[in-house]
Amino acid sequence: MATPHTIAVAGKGGVGKTTTCGMIVDYLCKKKQGPILVVDADANSNLNEVLGVEEGVSLGTIREEMAQAELKGTIPAGMTKADYADMKFSDALIEEDDFDMIVMGRTQGKGCYCYVNGVLKTQIDKYAKNYRYLVMDNEAGLEHVARGTLPHVDTMLLISDCSRRGIQAVARIAEMIDEMKLNPGQMGLIVNRAPDGVLDPGVKEEIDKHGLKLFGVLPQDDAVFRSDCAGEPTAKLPDSDPVKVALRGILQSIGL
């Protein structure tokens, strides 16, 4: 299979980024666009809860285990470091009917991790070829994209709430994307939680001021809030839900 179309979702915490990301995965699954690889690259994310799947072992944890095994010489006899990495990596893959998921997790640690990071990148590259889409939920700093752990981005979606400060935050992320020369195939803004799905003129002014391309607006939705409070997977709300209807229109309009 060819290189997957990579969709990266970014934005500051608390703006509904992970919920939106989960709904994008649901949309692609229902369009039979699989197989899909979902990558949770936000250390504070709970994308597995949004999708309704059990959390697996994170690559951050595996990275630590691999580094310790290399340091202590506890890699099983007769097994190369690459084989060991392959075995560990397969433990991290959460397999569902319509998609598979990897949780990146935290990657802090002492010592040199250059080799381990290189192994993880190789593993992701190897697995990614088996998928039509790769959907990745990022933290605001886009750490894994910047480090090259994850592949080229075809579609970059910047998620903001409907406040001026929210728009200013995603404008900084857009600047960072430009500075890092990531050159996504297409990049645009989705404004979330707008009352009645209508953008305030002051917020529109802020978007224009920063030269951001607006892909669309998602309405404030009590069902999303209630689902989240009840610990239910928000990605599994009915397709008639207002946020899902609006998001479907946005994704179709940008060719997804």
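This section reports on the structure supplied with the text.

Definitions and limits used
Residues numbered from 1 in each chain as written. Predicted model: local features only at pLDDT ≥ 70, side-chain atom pairs only at ≥ 80, totals over all residues. Heavy atoms only, no water. Buried < 20%, exposed > 50% of the residue type's maximum accessible area, 1.4 Å probe, protein only. Helix = DSSP H or I, 4+ residues; strand = E, 2+ residues; numbered from the N terminus. Pairing = 2+ DSSP bridges. Disulfide = S-S within 2.5 Å. Salt bridge = Lys/Arg side-chain N within 4 Å of Asp/Glu carboxyl O.

### Things to note about the pairing of strand β5 (residues 133-138)
Two faces make up the sheet, and in a regular strand the side chains alternate between them. The buried fraction of β5 is high, at 6 of 6 residues. Neither face of β5 is left uncovered, since the one carrying Y133, V135 and D137 and the one carrying L134, M136 and N138 both have all their residues buried. Two strands pair when backbone bridges link them, and strand β1 (residues 5-10) and β5 are joined in this way by 5 bridges, in the parallel orientation. The residue of β5 that forms the bridge with H5 is Y133. The sheet contact formed by strand β2 (residues 36-41) and β5 spans 6 bridges and is parallel. Residue D40 lies in a different strand from β5, and its bridge partner there is D137.

### Some thoughts on the state of the cysteines
Per the stated rule, a full pass over the model turns up 0 disulfides. Of all cysteine sulfurs in the structure, the one in C21 sits closest to C29, which takes part in no disulfide; the separation is 11 Å. Take C29: its relative accessible area is 12%, and that puts it in the buried class.

### Let's talk about the pattern of salt bridges
Between side chains of opposite charge, pairing is possible as soon as their charged atoms come close. Evaluated as defined, the whole model comprises 10 salt bridges. Its salt-bridge partner being E206, residue K209 comes within 3.8 Å of it at the nearest N-O pair. Placement of the pair is K209 and E206 together in helix α8 (residues 201-209), with a separation of 3 residues, close to one helical turn. On the basis of relative accessibility, which here comes to 2%, the residue E206 falls in the buried class. The partner of K244 in a salt bridge is D239, with the nearest N and O atoms 3.7 Å apart. Among the residues examined, K244 registers a relative accessible area of 6% and is labelled buried. Owing to a relative accessible area of 33%, D239 belongs among the partly exposed residues under this scheme. Salt bridges here are not isolated pairs; linked through shared partners, they connect D26, K30, D239 and K244.

Geometric descriptors of this kind do not, in isolation, establish any biological role.
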